[in-house]
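Here are the chains, one letter per residue:
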Amino acid sequence: MLAGLILFVVHYCMLNAWTGALMNLIEAGVVFVSYKREVSSWAKHNFWPYIFIFLYIAAGWATLKTSSDFLPVIAQAFGALAVWQKNPRTIRFLMLAPRPLWFIYNFIVGSYAGMTAEIFIFISVIVGIIRFDILHQTEKVSKF
């Protein structure tokens, strides 16, 4: 995931979409801290989402060119809150909110890769909601 985020940073830089680039760079930090939460006590603190939300807002403000630059900031705030949830249902529903915001931003900046990624993420979240929250299917572990 970190590699994908870094590639999106480069992608947005090439489009001169600096807000998108910084949002993905900060998201790499979110992923790193979230990963470390399992093994390091420093990463377990509940203040992390608020630090990342502050960073998203500051980065959005620093790169603001048009009002559409706030779309990924709002999207990432939802994402930062979602990552820190323990209930998978809450995570799934919180992860719905960023999808249209990122899609619109990607459309405005001309990121076809970003729009495609958002479509796949949106479908994935919807499938998860249908399977686990509506149909109440349990996750089956494959034995390969």
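Residues numbered from 1 in each chain as written. Predicted model: local features only at pLDDT ≥ 70, side-chain atom pairs only at ≥ 80, totals over all residues. Heavy atoms only, no water.

*Asks:* Could you clarify how one ought to interpret a nonpolar patch on the surface in this entry?
*Replies:* Nonpolar side chains collect at one region of the surface, where Phe103, Ile104, Phe107, Ile108, Ile119, Phe122, Ile123 and Val127 lie side by side and expose about 730 Å² of accessible area between them. On the secondary structure map, Ile104 appears in helix α6 (residues 98-109). (Patch = residues over 30% accessible without salt bridge, like charges linked within 9 Å, V, L, I, M, F, W, Y side chains within 5 Å. Areas by Shrake-Rupley, 256 points an atom, 1.4 Å probe, with all protein chains shown as cover. Salt bridge = Lys/Arg side-chain N within 4 Å of Asp/Glu carboxyl O. Helix = DSSP H or I, 4+ residues; strand = E, 2+ residues; numbered from the N terminus.)

*Asks:* Explanation requested: the layout of surface pockets in the structure shown.
*Replies:* Empty pockets left among the atoms are what a rolling probe the size of a water molecule brings to light. Looking at the largest pocket, its volume works out to about 770 Å³. As for the largest pocket, its lining consists of 30 residues, of which Met1, Glu27, Met95, Arg99 and Ile121 are closest to the centre. With six residues, helix α7 (residues 112-134) is the largest single contributor of residues to the lining of the largest pocket. Residue classes in the lining of the largest pocket are distributed as 17 nonpolar, eight polar and five charged. (1 Å grid on protein atoms, 1.4 Å probe; cavity = no way out; pocket = protein on both sides within 12 Å on 5 of 7 lines; lining within 4 Å. Points joined across faces, edges and corners; volume = space filled by probe spheres on them. Nonpolar A, V, L, I, M, F, W, Y, C, P; charged D, E, K, R; others polar.)

*Asks:* Honestly, the packing of helix α4 (residues 70-83) against α6 in this entry has me stumped. Any pointers?
*Replies:* A pair of packed helices is characterised by two quantities: the angle between their axes and the separation of those axes. One way to put it is that α4 packs onto α6 with a least axis distance of 8 Å and a crossing angle of 155°. On the basis of the axis angle, α4 is roughly antiparallel to α6. In this structure, α4 meets α6 at a crossing whose hand is left-handed. Facing α4, whose interface residues are Leu71, Pro72, Ile74, Ala75, Gln76, Phe78 and Gly79, α6 presents Pro98, Leu101, Trp102, Ile104 and Tyr105. Taken together, the residues of the contact of α4 with α6 sort by class into 10 nonpolar, two polar and no charged. (Axes fitted to C-alpha atoms, helices over the stretch in contact; angles between N-to-C directions. Parallel < 35°, antiparallel > 145°, perpendicular 65-115°, else oblique. Left-handed = near helix turned anticlockwise from the far one by under 90°. Contact = heavy atoms within 4.5 Å.)

*Asks:* When you look at helix α1 (residues 2-14) in this model, what are you seeing that I'm missing?
*Replies:* In a regular helix each residue adds 1.5 Å, so 13 residues correspond to 18 Å; α1 covers 19 Å between its end C-alpha atoms and thus fits that length. Against α2 (18-36), α6 and α7 lie the buried residues of α1. Two residues or fewer past α1, Asn16 is found with a positive phi of approximately 60°. (Expected span 1.5 Å × (residues − 1).)

*Asks:* Where do I start with the nonpolar core in this structure?
*Replies:* When a protein is soluble and globular, its nonpolar side chains tend to lie buried together. Residues Tyr12, Met23, Val33, Phe52, Tyr56, Trp102 and Tyr105 are the most contacted members of the largest nonpolar core, which totals 23 residues. When contributions to this core are tallied by element, the ones reaching two or more residues are α1, α2, α3 (48-62), α4 and α6. When sequence neighbours within four positions are dropped, the list of residues in contact with Tyr12 reads Ala17, Gly20, Ala21, Asn24, Trp102, Tyr105, Asn106, Val109, Ser111 and Gly114. (Core = buried A, V, L, I, M, F, W, Y, C linked by side-chain atoms within 4.5 Å. Buried < 20%, exposed > 50% of the residue type's maximum accessible area, 1.4 Å probe, protein only.)

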